[in-house]
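Chain residues, written in single-letter form:
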Amino acid sequence: MDSDGPGETVSSKRSLISRLFFGRPRVRSEEELQEMINASEQEGIINEEEGEMLHSIFEFGETMVREIMVPRTDMVCCSTEATVSEILKAIIASGHSRIPVYQGTTDRIVGLVYAKDLLKFWGVPDEEVQVQAVMRTPFFVPETKKIEELLKEFRTRRVHMAIAIDEYGGTSGLVTIEDLLEEIVGDIQDEYDLEEEWLTTKEEGWILVDCRLNIEDFADHFGISIPKEKFDTVGGWLVDLLGRVPLQDEQMTASGLAVTVVECDERTLRKVRVRPLPLNEETEPQC
Ligand code: ADP
């Protein structure tokens, strides 16, 4: 029979919250509550996953849209000039069921096309359907909006996607309700999601890192702390450290890690190889 540790007599029968509070004094601050979650995890009253989920709820209140959105450069969009068949092709190729529509450039999103709205045009020749007739009005939010707030707005407006805009009114990315829920429950792979590897273990202790990876997830993975002020991603961190986009095969060390550029172009870093440095090696940024 499985044992849940010291709490086993009650843990399986009580809800997560009652297990946490059972027999404990009242907590008076968020910090105390977080400490209690850690203690409960150590005592085996709740398991690691439950602990992580509870901690994510606290972080949820602090996280901004910008930190979790799909950046504009990765958005699958269509132009207002596209035909319904072209939009359908984009939906099929990407597996996404909602496609933002732009006028001129992706900085000017003017609508959203939902796959299900296209069904009624099944068999209708392209020239008889205007993209504008199929579009829904986008819901724009500032990229700095707190995701807790956005979740409430998604609920009241009954929409599941928002277009994030920067302070100049340009498009910074998109975010859906799935992205918000993932912040609490971890990665959700739905039937159509393409499995993406952000961190892949390679030979001799090297790890291949997708530079779009959130910097906090990266820091957690390597057990380091990276002060996060001006960037949200691994790519943003490295470009900030160097003051420019690193070159192909360029090597650097930072925060106790050795980093080598594997894939980049003149504007973005795509992939880097990373490995922890032996303890006595230089840890200041170097290139
Ligand atoms: P879908 O199932 O249509 O992809 P979800 O809301 O389940 O929509 O989102 C799954 C992931 O795909 C999320 O990370 C979301 O931000 C992203 N996503 C949704 N639509 C697009 C799109 N048009 N372009 C790029 N990423 C998208």
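In this report, the structure presented in the accompanying data block is examined. In this text the structure is predicted, and so the values were computed from the model without any measurement. (Residues numbered from 1 in each chain as written. Predicted model: local features only at pLDDT ≥ 70, side-chain atom pairs only at ≥ 80, totals over all residues.)

**Quick look at the site of the ligand**
Quick note on the threshold: Any residue whose C-beta atom, as set from the backbone, lies within 6 Å of a molecule or strand is reported as near that molecule or strand. Only DSSP runs of H or I with at least four residues qualify as helices, and only runs of E with at least two residues qualify as strands; both kinds are numbered from the N terminus onward. Here the nonpolar group is Ala, Val, Leu, Ile, Met, Phe, Trp, Tyr, Cys and Pro; Asp, Glu, Lys and Arg are the charged ones; every other residue, Gly included, is treated as polar.
What surrounds the ligand is a group of 18 residues, the closest being Val76, His96, Ser97, Thr176 and Glu178. Elements that contribute at least two residues to the shell around the ligand include exactly strand 3 (98–102), strand 7 (171–176) and helix 10 (177–185). Sorting elements by how many residues they give to the shell around the ligand places strand 7 first, with 3 residues. A per-class count over the shell around the ligand returns 7 nonpolar, 5 polar and 6 charged.

**A short note on the sheet that holds strand 1 (residues 70–71)**
Put simply, the test is: Any two strands with at least two DSSP bridges between them are considered paired.
If you trace the 4 strands from one edge of the open sheet to the other, you get 1-7-6-5, paired in mixed fashion. The two strands at the open ends of the sheet, each matched to only one other strand, are strand 1 and strand 5 (140–142). Alignment of strand 6 (residues 161–165) against strand 7, held across 5 bridges, turns out to be antiparallel. Residue methionine 161 lies in a different strand from strand 7, and its bridge partner there is threonine 176.

**Some details on the nonpolar core**
Going by this rule: Connectivity within a nonpolar core runs through C-beta atoms within 7 Å, and the core itself is a set of buried Ala, Val, Leu, Ile, Met, Phe, Trp, Tyr and Cys residues. Residues with at least 20 neighbouring C-beta atoms inside 10 Å of their own are called buried, those with 12 or fewer are called exposed, and the rest are partly exposed, where every C-beta is derived from the backbone.
Counting 27 residues, the largest nonpolar core has Val101, Ala162, Ala164 and Leu174 as the members making the most contacts within it. Of all the secondary-structure elements, those providing two or more residues to this core are helix 6 (84–94), strand 3, strand 4 (109–114), helix 9 (147–157), strand 6 and strand 7. Here this core takes 5 residues from strand 6, the largest share from any one element. Grouped together as the second largest cluster of nonpolar side chains are 17 residues, Leu238, Val239, Leu257 and Val261 included.

**Section: the pairing of strand 10 (residues 251–254)**
The two faces of a sheet get side chains in turn, since along a regular strand they alternate between them. Pairing of strand 10 with strand 11 (residues 257–264), which is carried by 4 bridges, proceeds in the antiparallel orientation. Paired with methionine 252 across the strands is valine 259, a residue of strand 11.

**Observations concerning unusual backbone geometry**
For arginine 158, which is not glycine, the phi dihedral falls at a positive 55°. Relative to the elements of secondary structure, arginine 158 occurs in the loop between helix 9 and strand 6. Even without glycine at this site, aspartate 249 takes up a positive phi of about 70°. With respect to the helices and strands, aspartate 249 occurs in the loop between helix 12 (234–242) and strand 10.

**Considerations on the pairing of strand 6**
As a reminder, the rule being used: Place the viewer so that the strands point away; then a crossover is right-handed whenever the path from the first strand over the helix to the second strand goes clockwise.
Where burial is concerned, most of strand 6 is hidden: 5 out of the 5 residues are buried. Covered by surrounding structure in strand 6 are Met161, Ile163 and Ile165 together with Ala162 and Ala164, the residues of both alternating faces. Examined bridge by bridge, strand 5 and strand 6 share 3 bridges and lie parallel to one another. Within strand 6, the residue paired with proline 142 across the bridge is isoleucine 165. Remark: the strand 5/helix 9/strand 6 crossover connection has right-handed handedness. Turn length for the strand 6-strand 7 hairpin, with the two strands adjacent in sequence and antiparallel, is 5 residues, and the turn residue glycine 169 shows positive phi of about 90°.

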